[in-house]
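Architecture and fold: a report
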Amino acid sequence: MVKANEILEGIRRQLLEQWPERPVYDGNLPESITEPAFGLTEESVQMLDAGPDCVEISASYGILGLLPLENGRSDRLALGGLRWDLLGLFAEGLVPVGGRALNITKCTSSILEGRVSVELGLTFYDDRREAEASQTMEQVQIRTETE
């Protein structure tokens, strides 16, 4: 069973292979961030029944690319270059996770407020989690009150 942290780690590895000097932050970005850097978030995960022994998982992950400001402004040309570099990084359409490669079914990007935003959508099949054993009552006593 693939865990969400394994997918985040697979995306992080791809970013660090391309840009080993840039930190990759999980979740919310800290107040004192050193740019250039990346932010990585899990946006949504949906599981659907796909048969007796597997589920279909659709997950969405966000990557935020930050570059240093020059004179208090972002360099639009550099942001455009980073956007194309990020799209190129995921152009093969795969994210390696453990011994598998998960298919990227969606990859969109934009530049907003001096930051590059990329959304990756993954859809894959995985083993169904085994049902957790529920607690059973050992003994039940039933009393009937009559007048």
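See the structure shown above.
Definitions and cut-offs
- Residues numbered from 1 in each chain as written.
- Predicted model: local features only at pLDDT ≥ 70, side-chain atom pairs only at ≥ 80, totals over all residues.
- Heavy atoms only, no water.
- Helix = DSSP H or I, 4+ residues; strand = E, 2+ residues; numbered from the N terminus.
- Buried < 20%, exposed > 50% of the residue type's maximum accessible area, 1.4 Å probe, protein only.
- Contact = heavy atoms within 4.5 Å.
- Areas by Shrake-Rupley, 256 points an atom, 1.4 Å probe, with all protein chains shown as cover.
- Patch = residues over 30% accessible without salt bridge, like charges linked within 9 Å, V, L, I, M, F, W, Y side chains within 5 Å.
- Salt bridge = Lys/Arg side-chain N within 4 Å of Asp/Glu carboxyl O.
- Pairing = 2+ DSSP bridges.
- Core = buried A, V, L, I, M, F, W, Y, C linked by side-chain atoms within 4.5 Å.
- Axes fitted to C-alpha atoms, helices over the stretch in contact; angles between N-to-C directions.

**Quick word on the overall build of the chain**
Along its length, the chain carries two helices and six strands. Residue burial in the chain is summarised as follows: out of 147 residues, 32% are buried. A sequence separation of at least 24 residues applies to 59% of the contacts in the chain between residues at least 6 apart. When the accessible surface of the chain is split by element, carbon and sulfur atoms take 46% of a total near 10,200 Å².

**Topic: a nonpolar patch on the surface**
Together, M1, V45 and M47 make up an exposed nonpolar region whose accessible area comes to about 240 Å². Following the sequence through the fold, M47 ends up in strand β2 (residues 37-49).

**Structural notes on the pairing of strand β3 (residues 54-66)**
Walk down a regular strand and you will see the side chains alternate between the two sheet faces. Of all 13 residues in β3, ten are buried; the element is thus mostly enclosed. Bridge count for β2 against β3 is twelve bridges, and the pairing is antiparallel. Paired with E42 across the strands is Y61, a residue of β3. In the sheet, β3 pairs with strand β6 (residues 115-127) via 13 bridges, with the strands oriented antiparallel. Bridged to Y61 within β6 is L120.

**Quick notes on the pattern of salt bridges**
Considering all chains together, one arrives at five salt bridges under this definition. The salt bridge partner of E9 is R12, with a shortest N-O separation of 2.6 Å. Here the residue E9 and the residue R12 both occupy positions in helix α1 (residues 4-18), the gap between them amounting to three residues, near one helical turn. A relative accessible area of 31% places E9 in the partly exposed class. The partner of R100 in a salt bridge is D126, and the shortest N-O contact between them spans 3.4 Å. Remark: D126 occurs in strand β6 and R100 occurs in strand β5 (residues 100-112); sequence separation between them is 26 residues.

**Some remarks on the nonpolar core**
Core analysis: the biggest nonpolar cluster contains 29 residues, and I7, I11, L15, F38, I63, L86 and L122 have the highest contact counts within it. Listing elements by their share of this core, those giving two or more residues are α1, β2, β3, α2 (76-89), β4 (94-97), β5 and β6. Discounting residues that sit within four places of it in the chain, L86 has contacts with L15, W19, F38, V116 and V118.

**Quick look at the sheet that holds β3**
Strand order in the open sheet formed by six strands is β1-β2-β3-β6-β5-β4, with mixed pairing between adjacent strands. Of all the strands in the sheet, just β1 (24-26) and β4 have a single pairing partner and so form its edges. Ignoring strand direction, the axes of neighbouring strands in this sheet form an average angle of 30°. Bridge count between β4 and β5: four bridges; the pairing is antiparallel. Considered in β5, the bridge of V95 is made with L102. Lying over the sheet, α2 contacts β2, β3, β5 and β6, oriented at roughly 165° with respect to β5.

**What to know about the environment of F38**
Structurally, F38 can be placed in strand β2. Residue classification places F38 among the buried residues on the basis of a relative accessible area of 0%. Remark: the alpha-carbon pair of F38 and L67, spanning 29 residues in sequence, is separated by 9.0 Å. Among all residues touching F38, those that are not within four sequence positions of it are L15, W19, R22, P23, V24, Y25, L29, I63, L64, G65, L82 and L86.

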